[in-house]
Structure formats: C-alpha cells, structure tokens
Amino acid sequence: MCGIVGLFTKTPKHRPELGRLTALMLHEMRDRGPDSAGFAIYDEGVAGQTRVTVLAEYTTPDWDVIGKDLAITLGAEVEVRPIRDHAVFVTNGDGRAARQWLIDEVAELDVLSYGRQIELFKSVGDPDLVAVNYDLAGRSGTHAIAHTRMATESAVTTNGSHPFATGADTCLVHNGSLSNHNQLRERLMAAGESFQTENDTEVAAGYLSWRLREGDDIELALKNALVDLDGFYTFAIGIENGFAILRDPIACKPAVVAETDDWVAMSSEYRAIAQLPGVNDAQVWEPDPGRIYTWSLDDLTAGEAASATSATTGPVGGTR
Amino acid sequence: MSKTKAAKPPPLPGPVSHTFDLSETTLREMNHALHQAESGTFAVVNPRGAHAVAAGIFTDIDVVVNGSVGYYCAGMHQHGRVRVEGNASTGLAENIMSGEVRISGNATMSAGATGCGGLVVVEGNAGARCGISMKGVDIVVGGNVGHMSAFMAQAGNLVVLGDADHDLGDSIYEAELFVRGTVASLGSDCVEKPIEAEHRDVLERLLTAAGLGGRPEQFRRFGSARTLYNFAVDDIDAEVAGTSRNRSKNTKTKKKASAKQRGQSATKKRTTKKQSSQESSSKKSTTEKRSTKQPKNTKKGAKQ
C-alpha cells in the first residue's frame, strides 16, 4: 500500500517548522505503511558544500576514520555528523566522487543521498519512531518528502525503505510497483548509474538522475519517464530547489494535492494534508493521470507565476 | 476546482439534533450514534479527511458534514441524506442502496461505485472510474468525470454536466450515460444512442433533483452496444493475443479461418463494429427497450 507525503514551501513562513509539519503528515500515513519509513529534507544549503548521507545498517563503523580516508581521497575537507546508524559527511569536494568512493570502498555503508541541499534518513519500524529517532520535527528547510512503507514484494529492510536517491539532490518516494525495473536497471548501469538494492523504486530514482545528468530538465525527465517506466506509480519527487508529482496514466494509486500562497502539499490521503496550517483556504485537487506537475523555488524567486508552474497549465484543471 | 465554492451552502434540512466534533469524538462513536438515530439532523465538524464518515446509515436521518472527508464516506448508505461541504476521497457513497449523498466539492476515484440505488450528487468534478460497476444508482456530476467512468456499469444513470475523460463506459452491460460536454473517448462496447422521450424524462427528473442546472436537450446519451454479452468462439485467439477490445459477434461467420485470415479479420472487425454501432442506433426503436435480462458473465468475468 504505502503512504507518501510531500511538502514544498513557496514562502519562508513555514520553513522553520518544515520538519514538524512533515512529521504531522507522516504520522497520518502510518496506517498505510507501518513497517518502515523515511524522509528527505531539503534546505538552502551552503554554496560549494556537498552533504552525503550514509547508512550503516548492520555495524557501527568508525565514522572519523572513514571521514579522514574520504578527505584524503577527495583532497578536500570532510566533516562527519553521525546520527544513530546514519551519518552525514559534509565536504567541499566532489559529491558524486564521494558517493562513489563510499559505495565502492566501504562495504558496510549504503549511501542514501548526496547533494547541496538534501539529507535523507530512513529505517524499519514505526514511522513515528523513525521521525523521532532522526529528529524530523526539529529540522527546518524548504521542502521535504516522506514515505511509510508496507512491503509487499521485498523484505522489510532499511535498504528497501524509501526515499531513494541516486543523483545530486534528486530523490523520490513511490506508491506502486514497477514491472520493467530489472531491464531498466541494466540499461542505466550501462549508462553509468550505480545501484545498491534490488528495489524497483531505486531504479526510478536512478532513471531520473540519469535523465537530469543527460541534460533534461525535470519536466522533460518525467516526460521520458512516462514512456520508459512500466507499472503503477504515484511519485513525489524532490529536486534541487524543486518538487514534482507524477502518476501513471491509469492512476490506481491515490494522490491529492493542496496549494496555498505559502505551500504545496501532496499526499496519498487528504487527512495528512488536513494537518497543515491554512488548509481551509487551500485549493485541493487530485493530480491528473500521466500529467507532470512541478514547482520550483527558482521560478518563485524569479517572480514568475506565484502558483504552480505545472508542465502544462496550472493545477486548476480538474479532477480528471 | 476550488474546494470552497462561492455559493452559500443550502440551509440545513432541520434543527440540528446533535453536533459531532471529530476532533473530540472518535469516528466509531459518531458512526455508532448515527446508526442508533431514527430521525433528526446531525452535524459533523472537523472531519479532517477521516475515512468512513457517516458510513452505514440506514434510517431516515440527515447528516451535514462541514469539511473534507476521506475514503468511503457514506458507504453502504440507505434511506437518509448525507451532505458534505467539502471534498471526498475514494469510494464516496460506495454501494449506496437508497437515499441521497451530496458533496459540494470534488470527489476523487470511484464515486458511487457499485451503488444499487439512491442518488449521488457531486457538485464539482469526479475523478477516475466514477460509477464503476454501478448497479442502479443515479449519479449526477456537476463538473467532469475522470477516465473509465461507468466501467462495467450494470444499471442506473450517470449524468455528467461537464466532460468525460477517456474510455467512458468501458465494458458496460447496461446503465444510461448522459454527458453534456465532450467525451474524450468511449470505452469498449460503449456507443452513442439517441435520446427518446423516456430518457428526457429521466434526465429532467435527475437534473431537477440535483439542482445544478442543465436541460435535457443539451445532453448526449451513451450505452451498451451489447456485443460483449456472449462469448464469441471465434474470438478465442483474439483473446489470447490480447486484442479482445475489438471482438464482435459479427465475426461468427468467419469460423475456421486460418491464422493469417484471422489477422485480417481483426482489421475487418473494427469496421464491422463501427457499422454495427450505427446499425444498432438506427434499429434502436425496436431493440432499445431497456433490457432487464441478466448479461451472461463468461467474458466479463475473464476481464476482471
């Protein structure tokens, strides 16, 4: 089943409490996915600095030693911030190289995300506990996506939990299942993407990273995804300065979006959105099947339309 | 599409006997109390997207919900009236038997699914598969309906004042579909049919009951071409090849065709189906009496 939520702030008003609001939304989605949960939270970041979030699911590594080795490899400064079984490496070096080195050289680690803005945490267990363990409520930021998992086709492991991220500041959560992920994974590996699990959603994340690296913008990448991904999906996608939603053309998996002047929220069910401040004045609609919705802070700061810059027109199209 | 409509909400049907505040009362307590009531008007506030709000009502009571509800609102509804000032999620009034369920905003997927009677009014838009497997319910949608609405519909009326998205009435058995706006495409075995006096009467009645405007002459009518009622043995290969959408009884004469010929006949089928739908329209006056016979289930079962 799974539950997904996404919250994107259009103005600074709710940024200090972004984590708290996301935790409220995640709590409402517990019933849809009680076995594991995860969240990715984006802030404005620091210019020239990359953060790499890693997970040591089965061991307790010596984070300082790994940090020092990474610094030598990158020829750059590395700071380590451990949090339970996760750690965030902060570096002024090459983030993609850091990710690859950590995957290749430190067998006990899984790299969950890297980028200038993103940090990503996930774990098995009660979603509320996951939120508490990684201090979701205490975090601030510009946008966040989160997931509660009810595993149906693979084991309940942290590795199989969402969100998945393979490219810089790109991650997604997924409700559904992809049927052509094995074939697509091979194609993507041939194109230089690396994967750490057998999970279908990781392939979707890898696909987007690949398209973005190939020069697509997020809208074009998702347009291509509509052609190349086969299966059922409702995606909430976080990117640098932006947020996107995509549903497959059959749209079996639920989604609802609400938008105010201050925020855009998306969830599997309205009750998650009902927790947000100002929801009574929000525009609420069901995203159309096969239609790409994106919001970008860049557009907002550039003074473009204050509402959604949907790939086609505004979101006020209808429940179709 | 705004969930808040400019129009003032209609007056309450009577003095409010009790107000349930779902931020204080549990859903189970409220639904239990509603099931005990035999008359009166009940208000519900702070639903905050809760599922199964006012589900299983079976007496002649009025329930007015102020705010948006989650899944299966007013499911299995009988006799009474439920009005929601807000939006509804999946499965609004699922399996409604009688009475009325009305929503001022939009409904997402599968509104009025499997309903056997009563009236469902969605004043805004309804999402995908509105009226899926409807079995006698009347549904009036003020705005648009999503794709595959009235999928496998069996009886009842779906009235759409706006547009219908792709595959309207796919694999429809019976039921009458009326659309005022455009239809993106019709589903398998769904065809346009002429509107006769009896259909205008039905429309008049439903449009009046819904109170959302519209005149019967503005609507087009769609229904079943009834070519899927019986299994056509010649289609067995087409079935395997996954081209079941174009099957037609008209291919009965092409028994024992070679594989190659069958491939050709598949192309012919499309033309014959078009012709047959025109024929069925013109022959309408003799064949159009609303059929009460139960469709045989052979092929439809296989489709599910």
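So, how was this worked out
Every chain begins its residue count from 1, and numbering advances along the sequence as written. Chains carry letters from A onward and ligands carry numbers from 1 onward, assigned in written order. Totals for whole chains, interfaces and linings use every residue, but because this is a predicted model, local features are given only for residues with pLDDT of at least 70 and side-chain atom pairs only at 80 or more, for both listing and counting. As a convention, hydrogens and water are excluded, and side-chain values are obtained from all of the structure's heavy atoms. Under the DSSP-based scheme used, a helix requires at least four consecutive residues in state H or I and a strand at least two consecutive residues in state E, with every element numbered from the N terminus. Exposure categories follow from relative accessible area, calculated using a 1.4 Å probe and restricted to protein chains: below 20% of the type maximum is buried, above 50% is exposed, and the middle band is partly exposed. Throughout, a contact is declared for two residues whenever any of their heavy atoms are within 4.5 Å. Residue exposure ignores everything except the shown protein chains as possible cover, and the areas themselves are Shrake-Rupley values with a 1.4 Å probe. With a 1 Å grid laid over protein atoms only, a set of points is called a cavity when a 1.4 Å probe fits there but cannot get out and a pocket when it is open yet has protein on both sides within 12 Å along at least five of seven lines; lining residues have an atom within 4 Å of a point. Grid points are joined across faces, edges and corners, and a volume is the space filled by probe spheres set on the points. Charged residues are taken to be Asp, Glu, Lys and Arg, nonpolar residues to be Ala, Val, Leu, Ile, Met, Phe, Trp, Tyr, Cys and Pro, and polar residues to be all remaining types, Gly included. By convention in these notes, a salt bridge is any Lys or Arg side-chain nitrogen within 4 Å of a carboxyl oxygen on Asp or Glu. Two strands pair if DSSP finds at least two bridges between them. Axis geometry follows a simple rule: fit a line to the C-alpha atoms, using only the stretch in contact for helices, then measure angles between N-to-C directions, giving values from 0 to 180 degrees. Angles are sorted into four bins: roughly parallel if under 35 degrees, roughly antiparallel if over 145, roughly perpendicular if 65 to 115, and oblique for all others. Crossing handedness is read from the near helix: turned anticlockwise from the far helix by less than a right angle, it gives a left-handed crossing, and turned clockwise, a right-handed one. Any pair of N or O atoms that falls within 3.5 Å is considered a polar contact. Within protein, one atom must be able to donate a hydrogen and the other to accept it, and sequence-neighbouring residues count only if both atoms are side-chain atoms. Between the rings of Phe, Tyr and Trp (Trp by its six-membered ring), a pair exists once the centres lie within 6.5 Å; its type follows the angle of the planes, with under 30 degrees stacked, over 60 edge-to-face, and the other angles tilted. When the NZ atom of lysine or the CZ atom of arginine is within 6 Å of a ring's centre and also within 35 degrees of its normal, the charge is said to sit over that ring.

(A) Seen up close, the overall build of chain A. Summing up its helical and strand segments, chain A has 9 helices and 16 strands in all. Every one of the 320 residues in chain A was classed for burial, and the buried ones make up 61%. Taking all contacts inside chain A whose residues are at least 6 apart in sequence as the whole, residues at least 24 apart take part in 71%. As presented, chain A carries roughly 11600 Å² of accessible surface, and 49% of it is formed by carbon and sulfur atoms.

(B) Examining empty space enclosed by the protein more closely. Applying the stated criterion across every chain yields a total of 6 cavities of 30 Å³ or more. Computed from the structure, the largest cavity encloses a volume of approximately 110 Å³. Along its surface, the largest cavity is lined by 13 residues, and Val256 and Val284 of chain A together with Asn87, Ala88 and Thr108 of chain B are the ones closest to its centre. Partitioned by chemical class, the residues of the lining of the largest cavity number 6 nonpolar, 6 polar and 1 charged. One number sums up the size of the second largest cavity: a volume of about 80 Å³. Lining the second largest cavity, in full, are Asp110, Val111, Leu112, Lys122, Asn159, Pro163, Phe164, Ala165, Gln196, Thr197 and Glu202 of chain A.

(C) Here's a closer look at the pattern of salt bridges. All names here are of chain A. All chains considered together, the criterion is met by 29 salt bridges over all chains. Two residues, arginine 81 and glutamate 79, come together in a salt bridge whose shortest N-O distance is 3.2 Å. Note on glutamate 79: relative accessible area 41%, which makes it partly exposed. For the salt bridge of arginine 187 with aspartate 228, the shortest nitrogen-to-oxygen distance reads 3.5 Å. Placement of the pair is arginine 187 in helix α5 (residues 181-190) and aspartate 228 in helix α7 (residues 218-228), with a sequence separation of 41 residues. Given a relative accessible area of 43%, arginine 187 falls into the partly exposed group. Among the ionic contacts, a cluster of salt bridges with common partners joins Asp31, Arg32, Glu269 and Arg271.

(D) Inspection of the pairing of strand β8 (residues 155-160) of chain B at higher detail. Residues and elements named next belong to chain B. Counting buried positions along β8 yields 5 of 6 residues, so the element is predominantly enclosed. The pairing of strand β7 (residues 135-141) with β8 spans 5 bridges and is parallel. Looking at β8, one finds that valine 141 is bridged to valine 160. The pairing of β8 with strand β9 (residues 176-179) spans 4 bridges and is classified as parallel. Among the inter-strand pairings, valine 159 is bridged to a residue of β9, identified as phenylalanine 178.

(E) Broad picture of helix α1 (residues 18-28) of chain A. Residues and elements named next belong to chain A. Within α1, 8 of the 11 residues are buried, leaving the element largely enclosed by the surrounding structure. Burial in α1 covers these residues: Leu18, Gly19, Leu21, Thr22, Ala23, Met25, Leu26 and Glu28. Each element contacted by the buried residues of α1 is listed here: β1 (3-9), β2 (36-42), α4 (127-133), β8 (143-149), β14 (263-267) and α8 (270-273).

(F) Highlighting the packing of helix α2 (residues 63-74) of chain A against helix α3 (residues 95-105) of chain A. All names here are of chain A. The interhelical angle for the contact between α2 and α3, taken along N-to-C directions, is 130°, at an axis separation of 10 Å. With respect to each other, α2 and α3 are oriented oblique. Like other packed secondary-structure pairs, α2 and α3 cross with a definite hand, here right-handed. Along the contact surface, α2 presents Ile66, Asp69, Leu70, Thr73 and Leu74, while α3 presents Ala97, Ala98, Trp101 and Leu102. Here the residues of the contact of α2 with α3 are counted per class, giving 7 nonpolar, 1 polar and 1 charged.

(G) Inspection of the interface of chain B and chain A at higher detail. Taken residue by residue, the interface counts 26 residues in chain B and 27 residues in chain A. Applying the counting criterion to the chain B and chain A interface returns 0 salt bridges. Taken together, the links from chain B to chain A amount to 7 residue pairs in polar contact (both at pLDDT 80 or more). Looking at side-chain class alone, the side of chain B that touches chain A contains 7 nonpolar, 14 polar and 5 charged residues.

(H) Representation of the pairing of strand β7 (residues 118-124) of chain A. Residues and elements named next belong to chain A. Most of β7 is tucked away: 6 of the 7 residues are buried. Taken together, the 7 bridges between β2 and β7 define a ladder with antiparallel strand orientation. Directly across from phenylalanine 39, in β7, lies its bridge partner phenylalanine 121.

(I) Spatial organisation of the sheet that holds β7 of chain A. Residue and element names in this part refer to chain A. Strand order in the open sheet formed by 7 strands is β7-β2-β8-β1-β14-β13-β15, and the pairing between neighbours is antiparallel. Among the strands making up the open sheet, the edge pair consists of β7 and β15 (283-285). Averaged over all pairs of adjacent strands, the angle between strand axes in this sheet comes to 10°, irrespective of strand direction. Pairing of β1 with β14 involves 5 bridges; the strand directions are antiparallel. Residue pairing across strands places leucine 7 opposite alanine 265, the latter belonging to β14. The strands that α1 touches are β1, β2, β8 and β14; relative to β1, the one it contacts most, it runs at about 155°.

(J) Fine view of the packing of aromatic side chains. Residue and element names in this part refer to chain A. Inspection of the entire model under this criterion finds 11 aromatic pairs over all chains. Aromatic pair tyrosine 233 and phenylalanine 235: ring centres 4.8 Å apart, planes at 15°, arrangement stacked. Per residue, the accessibility class of tyrosine 233 equals that of phenylalanine 235, and both read buried. What links up through ring pairs into an aromatic cluster is the set Phe8, Phe243, Trp285, Tyr293 and Trp295. Cation over ring: lysine 122 sits above phenylalanine 164, and NZ or CZ is 4.0 Å from the ring centre. Between arginine 211 and the ring centre of tryptophan 210, over which it is positioned, the NZ or CZ distance is 4.6 Å.

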